[in-house]
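The primary structure of each chain is shown beneath.
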Amino acid sequence: MSAVSVMEKPATPAQEQPFGETVYHLQKGDQGIALDIKDFNLWYGDRQALHGVNLTVERGLVTALIGPSGCGKSTLLRSLNRMNDLVDGLSITGKVVLDQVDIYDPRTDVIALRKRMGMVFQKPNPFPMSIYENVIYPLRVDGVRDKRLLDETVERALKGSALWDEVKDRLDQSALGMSGGQQQRLCIARAIVGDPEVLLMDEPCSALDPIATAKVEELIDELGGHYTIVIVTHNMQQAARVSHNTAFMYLGRLIEYGKTETMFTTPKLGRTLDYVTGRFG
Amino acid sequence: MAGQHTVKAFDQELNGLVALITRMGGLAEANLASAIDAVVRRDSDLAAKTLEADPRIDGLEREVDELVVRILALRQPVASDLRLLVSALRIATDIERIGDYAANVAKRAIALNQAAPVKAVRALPRIGGVVLEMIKDVLDAYVTRDAAKARAVWNRDEEVDDMYTSLFRELLTYMMEDPRSITVCTHLLFIAKNLERIGDHATNIAELVHYTVEGRSIDEDRPKSDQTAFAVTP
């Protein structure tokens, strides 16, 4: 019994096996469904990037999208607030329903839609203006001029994004002078000022150091419950730490979507297990 | 689970861990076989050698501990990999206990050899044989990740408990018949109890193998039929 191997039967690796039905075991929130994605297909030209995705986002919970590069997780996230509209040759079928309204309905006001969905990007993108002006920018666009309302909003948003104590004495200074982690939390503050129903985050920590990452994760944890958050992350441990439900995507398909705890301890599919344990991707 | 990790060093570490556990188990199994032989064949030299071998098992347990802690810290394993590591720690503890019991059997062999032989000794190889088989099978199940084989070992614990109970009664009878045999029979009783405990540890390992492979515990209550705690003079 000396030559032993951790690997069992040398069957076909899970990632090469044919695709079956998506397996679901998600945790339900107590506030219903925020987003309902139905039979969603998406093509860039003649290349199909998403294949029949069916996924519901529970209101008030944090949902993580994971999967190897090119699996379609960012494409899916960007489809939720129609950020992909500007891509040439894009075509879609299926529905994304927010509050009983199909966001791909031609009558949908895209600008109004995006106000209902805040978005935070991979690299912090503060505007070249003061910290104060950055936070209230969405209100300025809407023409709000009430100074007291603006002051209150800034304080509430910065407290909400755990930044208030760090910047309250320099609100009039340029946001570009903040650290990367502070800039990202500022962007989150700006994203929640309009009180969006859903907060979309596309790799929000991939440009941050571990401490800043921890602070943003702590923030996501605090916002969960208040906000519905959909987060795309390459960092599986991050998905495990911050989300309630995790969706595993591969080659444009939703493979398994379930409770995060189960996804990282006893996933139902071999393909998911291989991915979360670092066997491919 | 099938494929290899993208990081090959991780696979090597996990393979190394399984190899360590297997070596530990092999040593414990060999020591127990020698200890039982030493009792049956009244071989004090063999018993002494068996006693000397036990510290090697303890050393391997420390190696397992260190390796597991290192892998946990450096690789942040999840799911099946995490279960393999957590189980390895506990299996190593069980094997170490098996080694201790085997050493205790060897010690008592030396004591027994200073007294006149008794016939009750004949019952020991029977229970010892079953326990040795359990250890061998559970180690095989561990290496081949065979949950069904682990469950089969788990089911055998009842058999060991039954054999122990009947041996217990037999020894009580001998002691009543001839009070001069009490010293020898008491040693035999402790040896039988050690073997029964080893069966329990093999059962623990079977549970851990099942958990490692399937991700959930063996879903029935453990069979338990050692009745000697309630036994009175027949």
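All of these numbers come straight from a predicted model, not from anything done at the bench. (Residues numbered from 1 in each chain as written. Chains lettered and ligands numbered in written order. Predicted model: local features only at pLDDT ≥ 70, side-chain atom pairs only at ≥ 80, totals over all residues. Heavy atoms only, no water.)

J.: Would you mind going over the pairing of strand β5 (residues 90-98) of chain A in detail, with residue names and values included?
T.: All names here are of chain A. Pairing between strand β2 (residues 33-44) and β5: eight bridges, direction antiparallel. By the bridge assignment, K38 is partnered in β5 with K95. In this sheet, strand β6 (residues 101-102) lies alongside β5 in antiparallel orientation, the contact comprising two bridges. The residue bridging L98 from the neighbouring strand is V101, located in β6. Connecting the antiparallel pair β5 and β6 is a turn made up of two residues, with D99 showing a positive phi of about 50 degrees. (Pairing = 2+ DSSP bridges. Helix = DSSP H or I, 4+ residues; strand = E, 2+ residues; numbered from the N terminus.)

J.: Break down the sheet that holds strand β10 (residues 245-250) of chain A for me, with residues and values.
T.: Strand pairs in the sheet, formed through backbone hydrogen bonds, run parallel or antiparallel to each other. Residue and element names in this part refer to chain A. Read from one edge of the open sheet, seven strands run β1-β11-β10-β4-β9-β8-β7, paired in mixed fashion. Strands with a single pairing partner mark the edges of an open sheet, and in this sheet they are β1 (23-25) and β7 (117-120). Mean inter-strand twist for the sheet, computed between neighbouring axes without regard to direction, equals 20 degrees. When strand β4 (residues 62-66) meets β10, the two strands line up parallel, connected through four bridges. Opposite L65, over in β10, you have A247 as the bridge partner. Strands β7 and β8 (198-202) of the sheet are contacted by helix α6 (residues 180-193), whose axis makes an angle of about 170 degrees with β7. Contacting β4, β8 and β9 (228-232), helix α7 (residues 210-223) runs over the sheet at an angle of about 145 degrees to β9. (Axes fitted to C-alpha atoms, helices over the stretch in contact; angles between N-to-C directions. Contact = heavy atoms within 4.5 Å.)

J.: Can you explain the pattern of salt bridges? Please cite residues and give values.
T.: All names here are of chain A. Within the structure shown, the criterion is met by 29 salt bridges over all chains. Ionic pairing is found between K38 and D36, a salt bridge with its closest N-O pair at 3.9 Å. For K38, a relative accessible area of 37% gives the class partly exposed. Bridged by salt links that share partners, the residues R59, D99, R116 and E197 form one connected network. (Salt bridge = Lys/Arg side-chain N within 4 Å of Asp/Glu carboxyl O. Buried < 20%, exposed > 50% of the residue type's maximum accessible area, 1.4 Å probe, protein only.)

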